[in-house]
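# Commentary on secondary and tertiary structure
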Amino acid sequence: MALAGTVGFAEAAVVAKPVAYEIDGEAFEGTLVYDDAVTTPRPGLVMVPNWLGVTDRAAEKAARAASDKYVVFVADLYGKAVRPSNADEAKAAASSVRADRPLMRKRTQAAVDALKWQAGHVALHSRKLAAIGFCFGGGAVLELARSGADLSAFVSFHGNLDTPNPADAQNIKAPVLVLHGANDPSVPQQQVDGFIAEMKASSADWQLVSYGGAVHSFTDPYAKVPGRNEYHPVVAARAFQAMNALLDEVFAQP
């Protein structure tokens, strides 16, 4: 994959650079995405991608999220040696991580730390950080929130909402925003209801926005399975607006 270089989006170009890091001696590699024309420090976002992991398409999505407002780090939750090439491999990799929530939390937090380390190399405001995630990544971001991570906000796009430890919602320290497709077959209503009950039982600051007519992967231009995984440009735009509204709010705080 040609992750080094630039990623074009909306007549702009942002830099996408591979960043190597380690967790317990194991090699991981994410992608740092930012507009290098901006020299004033910007807030940072850890972005956990869908189950395909660190790919050029994930870098494209990070560029969409970054614009000139944020520095985005695409997290590697599988390890450098694991790069799924198809849905079967992605399912196996994602299922392995989802089956071990402490490991999922640890690897997502390690990506946060890897982003913080970039403050000496790019114009990053290392005390203004949030986490966003898509599909599998949305579920990982919610687990990071439940771990008590010290970030400014957590945003899940069409992510899994279940958790084996609902009481951990009491650990959440920052606003949580869930952007959900009302017709998503991968996140059934029972899971949504469970998440709402979990949040109500906690003291968390949370929102769940359910978009009518949207299914799984509604922000992904490459999702083309009608009724299951399908891009919805109108809903995608609304969801990114919701994300930016929350981030504007939390990052405006001193």
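In this report, we go over the structure that sits alongside the text. (Residues numbered from 1 in each chain as written. Predicted model: local features only at pLDDT ≥ 70, side-chain atom pairs only at ≥ 80, totals over all residues. Heavy atoms only, no water.)

## Some remarks on the pairing of strand 8 (residues 176-181)
To keep things clear, this is the line we draw: Note on exposure labels: buried denotes an accessible area under 20% of the residue type's maximum, exposed denotes more than 50%, and partly exposed covers the range between, all computed with a 1.4 Å probe on protein chains only. Starting at the N terminus, helices and strands are each numbered in turn, a helix being any DSSP run of H or I of at least four residues and a strand any DSSP run of E of at least two. By this definition, two strands are paired if DSSP reports at least two bridges between them.
Where burial is concerned, most of strand 8 is hidden: 6 out of the 6 residues are buried. Because side chains alternate across strand 8, one face comprises the buried residues Val-176, Val-178 and His-180, and the other comprises Leu-177, Leu-179 and Gly-181, equally buried. Sheet topology note: the strand 7 (residues 154-157)/strand 8 ladder contains 4 bridges and is parallel. Along strand 8, the bridge assignment pairs Val-155 with Leu-177. As paired elements, strand 8 and strand 9 (residues 206-211) share 6 bridges and run parallel to each other.

## Notes on the layout of surface pockets
Under the convention used in this document: Note on definitions: the grid is 1 Å and covers protein atoms alone; a cavity is a set of points where a 1.4 Å probe fits but cannot get out; a pocket is an open set with protein on both sides within 12 Å along at least five of seven lines; lining residues have an atom within 4 Å of a point. Grid points are joined across faces, edges and corners, and a volume is the space filled by probe spheres set on the points. Polarity classes work like this: nonpolar for Ala, Val, Leu, Ile, Met, Phe, Trp, Tyr, Cys and Pro, charged for Asp, Glu, Lys and Arg, and polar for all others, with Gly in that last group.
Approximately 750 Å³ is the volume found for the largest pocket. Every residue lining the largest pocket is counted, 32 residues in all, and those nearest its centre are Asn-50, Trp-51, Cys-135, His-216 and Ser-217. Counting residues per element, the ones that place at least two in the lining of the largest pocket are helix 1 (56-66) and helix 2 (87-98). Of the residues assigned to the lining of the largest pocket, the class counts are 13 nonpolar, 10 polar and 9 charged. Considering only enclosed or pocket space, the second largest pocket measures out at about 200 Å³ in volume.

Honestly, that's just the spatial picture; any functional story needs more than this.
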